[in-house]
Amino acid sequence: MYALIIDDSRAMRRILRNIVEPLGFEILEAGNGQEGLTCLHQAGHVEVTLVDWNMPVMNGLEFVKAVRADDSWREMKMVMVTTETEPAQMARALMAGVDEFVMKPFTADILIDKLKLIGVAATGYAD
Amino acid sequence: MSIDAQTLQQVVNDVCSGMLGLDMVPTDQACCDETDAVSAVIRISGGWDSLVQVLAPRTTAKIIASTMFATEEAALSEEEIRDAVGEIVNMVGGNLKGIVEGESSLSLPCVGNTGGEPPFGADFVGITVAHNCQGDPLIVRLLDKSAIPG
């Protein structure tokens, strides 16, 4: 069971890994959306992607649009982990196919609750 | 809505204390040895035009990076230290952008060693807030360019 973490910040990738890995996921990491697409093609099946918005090369919104344009990934859940809090931006991402939002800064509990909401984390974890 | 010092302080606290669990104590001592500090700057442009700088002396930068990477300070690379301070300014800038009305966009963080050069220039007028982060200083500056008389 794979989780893909896409963020240009290695620090943020580590923070997310330390929260998600104990849930039983094998972690894949990418530094931008383009690298994320490569990871998806190499991994085959990925349960959930946690994607930042503001990244070089290919940003998170472009990544989400590219993924949702490909039927191969229709079952994959996507959580945008971002500092973007403007309603217009959030609406844009939801329209593009994001399943959930986590606003930075966040706590482990907030992220795990969001993963439970979209059905990719065991509901008993961390209770 | 414009940003005041109290709001800026709260945002910094939310990022460093709320998310990372760092012990943050506000202080009036908004100075540090800028000759050996890590500086991260991010620009907000569009509806609100501003610059945010996080200035962390090396001791503070290592504390932040050590917490983010869950790694001993001695094992941290220079890249990891810079990355950690860059993520702090990214989160602070992003949250400030969300508070101010109007649609704006956030640049990517620009991180480097200050070498004593004030990034906003000697005539900087803006908001500066300082914290003791686990006992070491962390300074955040906000330059609201839209507030500067043209």
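Residues numbered from 1 in each chain as written. Chains lettered and ligands numbered in written order. Predicted model: local features only at pLDDT ≥ 70, side-chain atom pairs only at ≥ 80, totals over all residues. Heavy atoms only, no water.

Novice: Help me out: how do you make sense of the interface of chain A and chain B in this one?
Specialist: Interfaces are frequently sized by the accessible area removed from exposure as the parts join. With 23 residues of chain A at the interface, the matching set in chain B holds 27 residues. Summing both partners gives a buried area of about 2000 Å² for chain A against chain B, and 49% of it is carried by carbon and sulfur. The tally of links between chain A and chain B comes to six salt bridges. Across the pair Lys97 of chain B and Glu84 of chain A runs a salt bridge whose closest N-O atoms are separated by 2.7 Å. Of all elements in the fold, only α1 (10-20) and α4 (87-96) of chain A reach the threshold of two or more residues within the side of chain A that touches chain B. Take the side of chain A that touches chain B: its biggest share by element is six residues, from α1 of chain A. Residue composition of the side of chain A that touches chain B, by class: eight nonpolar, seven polar and eight charged. (Contact = heavy atoms within 4.5 Å. Buried area = accessible area lost by both parts, 1.4 Å probe. Salt bridge = Lys/Arg side-chain N within 4 Å of Asp/Glu carboxyl O. Helix = DSSP H or I, 4+ residues; strand = E, 2+ residues; numbered from the N terminus. Nonpolar A, V, L, I, M, F, W, Y, C, P; charged D, E, K, R; others polar.)

Novice: I keep staring at the sheet that holds strand β1 (residues 2-6) of chain A and nothing clicks. Help me out?
Specialist: Sheet strands associate in pairs through backbone hydrogen bonding, adopting either a parallel or an antiparallel arrangement. Residues and elements named next belong to chain A. Here we have five strands laid out as an open sheet, ordered β2-β1-β3-β4-β5, and parallel in their pairing. In this open sheet, the two edge strands, each paired with only one partner strand, are β2 (26-30) and β5 (100-103). Averaged over neighbouring strand pairs, the angle between their axes works out to 20 degrees when direction is ignored. Relative to β5, strand β4 (residues 77-82) runs parallel, the two being bridged by four bridges. By the bridge assignment, Val81 is partnered in β5 with Val102. (Pairing = 2+ DSSP bridges. Axes fitted to C-alpha atoms, helices over the stretch in contact; angles between N-to-C directions.)

Novice: Where do I start with unusual backbone geometry in this structure?
Specialist: The phi torsion of most residues other than glycine is negative, and most of the peptide bonds are trans. With omega at 0 degrees, the peptide bond leading from Lys104 of chain A into Pro105 of chain A counts as cis. For Gln134 of chain B, which is not glycine, the phi dihedral falls at a positive 55 degrees. Along the polypeptide, Gln134 of chain B turns up in the loop between β6 (127-133) and β7 (136-144). With relative accessibility at 41%, the residue Gln134 of chain B sits in the partly exposed group. (Buried < 20%, exposed > 50% of the residue type's maximum accessible area, 1.4 Å probe, protein only.)

Novice: I keep staring at the packing of helix α1 (residues 5-19) of chain B against helix α3 (residues 78-99) of chain B and nothing clicks. Help me out?
Specialist: Each pair of packed helices can be described by the angle between their axes along with the distance between the axes. Residue and element names in this part refer to chain B. Look at α1 against α3: their axes get within 10 Å of each other, and the N-to-C directions meet at 135 degrees. It follows that α1 is oblique to α3 by the angle criterion. Along this stretch, α1 crosses α3, giving a crossing that reads as right-handed. Contacts between α1 and α3 involve Thr7, Leu8, Val11, Val12, Val15, Cys16 and Met19 from the first element and Ile88, Met91, Val92, Asn95, Leu96 and Ile99 from the second. (Parallel < 35°, antiparallel > 145°, perpendicular 65-115°, else oblique. Left-handed = near helix turned anticlockwise from the far one by under 90°.)

Novice: What exactly am I supposed to notice about the pattern of salt bridges here?
Specialist: Pairing between side chains becomes possible if they bear opposite charge and their charged atoms approach one another. This model, assessed by the stated rule, comprises 19 salt bridges over all chains. Two residues, Glu29 of chain A and Arg17 of chain A, come together in a salt bridge whose shortest N-O distance is 2.8 Å. Of this pair, Glu29 of chain A sits in strand β2 while Arg17 of chain A is found in helix α1, placing the two residues twelve residues apart along the sequence. What makes Glu29 of chain A partly exposed here is its relative accessible area of 31%. Here Arg82 of chain B ties to Glu78 of chain B by a salt bridge, and the two come within 3.3 Å at their closest N and O atoms. Taken together, the residues Arg82 of chain B and Glu78 of chain B, both in helix α3 and four residues apart, mark about one turn of the helix. The class of Arg82 of chain B is partly exposed, set by a relative accessible area of 29%. It is possible to trace a salt-bridge network through shared partners that takes in Asp7, Asp52 and Lys104 of chain A together with Glu87 of chain B.

Novice: What's the story with the nonpolar core in this structure? I'm lost.
Specialist: Of all hydrophobic cores here, the largest spans 64 residues; its most connected members are Leu50, Phe106 and Leu115 of chain A together with Leu8, Met68 and Val92 of chain B. By residue number, the principal contributor to this core is α3 of chain B, which donates eight residues. Dropping the residues within four chain positions of it, Leu50 of chain A is found in contact with Leu4, Ile5, Ile6, Leu16, Val20, Val79, Val81, Leu111 and Leu115 of chain A. Judged by nonpolar contacts, the second largest core, of 24 residues, contains Val46, Trp53, Met76 and Phe101 of chain A. (Core = buried A, V, L, I, M, F, W, Y, C linked by side-chain atoms within 4.5 Å.)

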